[in-house]
Amino acid sequence: MADWVIVVDDDMVNLNVAGRILSKEGIRVTALKSGQSLLDYLSTKDKPDLILLDLKMPEMDGFETYEKMRALGGKNADVPVIFLTADENRESEAKGLSMGAMDFIKKPFIPEVLTLRVKHIIELNHLQKSLALEVEKKTQENDKLFFHVVTSPLGSSGRERVSGQLLALSAL
């Protein structure tokens with residue numbers, strides 16, 4: 001299934017440009033015009049791979065939208081977010097990154113930069129999920145192995161006898 005990105009921006013031109021750039025790369029794009037639209041949409045839909053979120057929007061800016069999204073919890077609480085901004089304000093960038101955003105993309109978009117940053121974040125997210133599944137699998141295997149060793153027919157006296165034999169062998 002194609003990767004899925006939600007783009008949130010109050011400017012239709014930016015939504016169209018981002019949608020065109022990402023769609024050409026085979027990425028599924030959903031365009032929304034406000035932070036509230038995003039919160040409403042996330043409450044009823046599956047989890048996207050990434051959200052591109054404009055900082056400067058009327059009614060609810062990107063920071064407030066991000067905080068509310070995280071506060072809602074649930075399946076969408078950990079969706080990676082990249083903030084979009086036309087500002088050169090370093091404080092905004094620092095604030096967004098300290099809140100947990102994955103990156104910032106400057107507007108107007110440079111197609112190659114937009115595409116590469118989006119693909120890198122999605123790939124990183126997929127790798128983290130894969131690693132978490134592998135860790136869970138190995139933890140379950142270790143738990144089964146530990147249970148098998150603890151409940152083995154040797155019992156504690158048998159384990160002590162084996163340990164003693166190993167110590168005797170190592171002394172030779």
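Predicted model only: the values in this text are computed from it and were never measured.

Draft legend 1. How the structure looks around the sheet that holds strand E1 (residues 4-8). Sheet architecture is open: 5 strands sit in the order E2-E1-E3-E4-E5, paired in parallel fashion. Only two strands of the sheet have a single partner each, and these edge strands are strand E2 (28-32) and strand E5 (103-106). Ignoring strand direction, the axes of neighbouring strands in this sheet form an average angle of 20 degrees. Pairing of E1 with E2, which is carried by 5 bridges, proceeds in the parallel orientation.

Draft legend 2. A look at the nonpolar core. Core analysis: the biggest nonpolar cluster contains 21 residues, and Ile6, Val8, Leu38, Ile51, Leu53, Met69 and Phe83 have the highest contact counts within it. Looking at this core, the elements with two or more residues in it are E1, helix H2 (35-42), strand E3 (50-54), helix H3 (62-72) and strand E4 (81-85). Here the element with the most residues in this core is H2; it accounts for 4 residues. With near-sequence residues (within four places) excluded, Ile6 lies in contact with Thr30, Leu32, Leu38, Tyr41, Leu42, Pro48, Leu50, Ile51 and Leu52. Within the second largest apolar cluster, 17 residues are counted, among which are Leu15, Ile27, Leu52 and Val118.

Draft legend 3. Examining the packing of aromatic side chains more closely. This structure, assessed with the given rule, holds 4 aromatic pairs. Ring centres 5.3 Å apart and planes at 70 degrees place the aromatic pair Phe63 and Phe83 in the edge-to-face group. In this pair, Phe63 sits in helix H3 while Phe83 sits in strand E4, placing the two residues 20 residues apart along the sequence. Comparing Phe63 with Phe83 shows no difference in burial state: the two are buried. Here Tyr66 and Phe83 contribute two aromatic rings whose centre-to-centre distance is 5.7 Å and whose plane-to-plane angle is 55 degrees, an arrangement assigned as tilted. Taken as a pair, Tyr66 in helix H3 and Phe83 in strand E4 lie far apart in primary sequence, 17 residues in all. For Phe83, a relative accessible area of 0% gives the class buried. Within the aromatic cluster, the residues linked to one another by ring pairs are Phe63, Tyr66, Phe83 and Phe104. Taking NZ or CZ as reference, Arg28 lies 4.2 Å from the ring centre of Trp4, over its face.

Calculation notes
Residues numbered from 1 in each chain as written. Predicted model: local features only at pLDDT ≥ 70, side-chain atom pairs only at ≥ 80, totals over all residues. Heavy atoms only, no water. Pairing = 2+ DSSP bridges. Helix = DSSP H or I, 4+ residues; strand = E, 2+ residues; numbered from the N terminus. Axes fitted to C-alpha atoms, helices over the stretch in contact; angles between N-to-C directions. Core = buried A, V, L, I, M, F, W, Y, C linked by side-chain atoms within 4.5 Å. Buried < 20%, exposed > 50% of the residue type's maximum accessible area, 1.4 Å probe, protein only. Contact = heavy atoms within 4.5 Å. Phe/Tyr/Trp six-rings, centres within 6.5 Å; stacked < 30°, edge-to-face > 60°. Lys NZ or Arg CZ within 6 Å of the ring centre and 35° of its normal.

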